[in-house]
Amino acid sequence: MIIYETITFLGGQLTLFKQDDALVFVSLADDGDGVADFKSFYPTVDVIADNVPEVALFKHYAAGEAIDWRQLKINYLSGTKFQREVWQAMHNMIPHEYLTYAELAQRANHPTAIRAVASAIGKNPLTIINACHRILPKSGGIGQYRYGSHIKAELLALDRVKI
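Residues numbered from 1 in each chain as written. Predicted model: local features only at pLDDT ≥ 70, side-chain atom pairs only at ≥ 80, totals over all residues. Heavy atoms only, no water.

## Topic: helix 5 (residues 114–122)
What counts here: Exposed residues in this analysis have more than 50% of their type's maximum accessible area, buried residues have under 20%, and partly exposed residues fall in between, with area computed by a 1.4 Å probe over protein chains only. The helix count covers DSSP runs of H or I at least four residues long, the strand count covers runs of E at least two residues long, and both are numbered beginning at the N terminus. Note that the arc is defined by the directions from the helix axis to the C-beta atoms. Two residues qualify as a contact provided that any one of their heavy atoms is within 4.5 Å of a heavy atom in the partner residue.
Along helix 5, the residues classified as buried are Val117, Ala120 and Ile121. Relative to the axis of helix 5, the buried residues are bounded by an arc of 105° and lie together on one face. Tucked into the core, helix 5 has its buried residues touching helix 3 (81–91), helix 4 (101–107) and strand 6 (135–136).

## Considerations on the pattern of salt bridges
Quick note on the threshold: Salt bridge criterion: a side-chain nitrogen from Lys or Arg within 4 Å of a carboxyl oxygen from Asp or Glu.
Applying the stated rule across the entire model yields 7 salt bridges. For Asp68, the salt bridge is made with Arg70, and the minimal N-O distance between the two is 2.8 Å. Overall, the relative accessible area of 28% leaves Asp68 in the partly exposed class.

## A short note on the sheet that holds strand 4 (residues 47–49)
Using the following cut-off: Strand pairing is defined by DSSP finding a minimum of two bridges between the two strands. An axis is simply a line fitted to the C-alpha atoms; with a helix, the fit covers only the stretch in contact. Between two such axes, the angle follows the N-to-C directions and lies from 0 to 180 degrees.
Strand order across the open sheet formed by 4 strands is 3-2-1-4, with mixed pairing between neighbours. Where the open sheet ends on each side, the last strands, each with one partner, are strand 3 (22–27) and strand 4. Within this sheet the neighbouring strands show an average axis-to-axis angle of 30°, counted without direction. Examined bridge by bridge, strand 1 (residues 2–9) and strand 2 (residues 12–19) share 8 bridges and lie antiparallel to one another. The residue of strand 2 that forms the bridge with Ile3 is Lys18. Here helix 2 (residues 55–62) sits on the sheet in contact with strand 1, strand 2 and strand 3, set at roughly 20° to strand 1.

## Quick word on the nonpolar core
Test applied: The term nonpolar core refers to a set of buried residues drawn from Ala, Val, Leu, Ile, Met, Phe, Trp, Tyr and Cys, joined through side-chain atoms within 4.5 Å. Each domain span listed reflects an automatic or database assignment of domains.
In terms of nonpolar packing, the biggest core is built from 48 residues, with Phe58 and Ile128 touching the most fellow members. Listing elements by their share of this core, those giving two or more residues are strand 1, strand 2, strand 3, helix 2, helix 3, helix 4, helix 5 and helix 6 (149–158). Looking at which element gives the most residues to this core, the answer is strand 1, with 5 residues. Composition of this core by domain shows at least three residues from each of domain 1 (2–71) and domain 2 (81–159). Setting aside residues no more than four positions away along its own chain, Ile128 makes contact with Phe9, Leu14, Leu28, Phe58, Tyr61, Trp69, His133, Tyr145 and Leu155.

## Observations regarding the domain arrangement of the protein
Note the following rule: Summed over both partners, the accessible area (1.4 Å probe) lost when two parts come together is defined as the buried area. For the purposes of these results, a polar contact is taken to be a pair of N or O atoms within 3.5 Å, where, inside protein, one atom must be able to donate a hydrogen and its partner to accept one; residues adjacent in sequence count only when each atom of the pair is a side-chain atom.
Here the domain parsing of the protein yields domain 1 (2–71) and domain 2 (81–159). One C-alpha centre belongs to domain 1, the other to domain 2, and the line joining them spans 19 Å. Taken together, the contacts link 22 residues of domain 1 with 21 residues of domain 2. A combined buried area of about 1,800 Å² lies between domain 1 and domain 2, and 67% of that area is made up of carbon and sulfur atoms. Across the domain 1-domain 2 interface, the total number found is 0 salt bridges. Applying the counting criterion to the domain 1 and domain 2 interface returns 4 residue pairs in polar contact (both at pLDDT 80 or more).

Listed below in structure tokens is the structure:
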């Protein structure tokens, strides 16, 4: 069974999904419908509203506290071996660290697969926890983000990343 809880977050909503003792999905859906966002990834998986204690960490994070997301137990409901390697490389980033797409490709042991790494980043089910918002273009700027560049900029500010 997968449970979820939704909280107010950065002027919108964050919905956190958990199965057993591991977090499996984080949604920042701009329409506030985290369940629909989850279902776009996993259409056949049922969810039920319940308390997810880890939401407290996201409240602390939104209040400006540094959080080491590596401490959380996570699991992936799907994903190729390649995607999981990219996601794990993001998950292993130290707090306040940022990388270019090429640097992440190197860390994921796929140094020549930069475009494929970028595609895997876009399918990251654990946004914030796997720090996809801290992957930046080598050419500068903040790049794209599934939930919008304004949310990415806010997350980078919370992480105190200088761009």
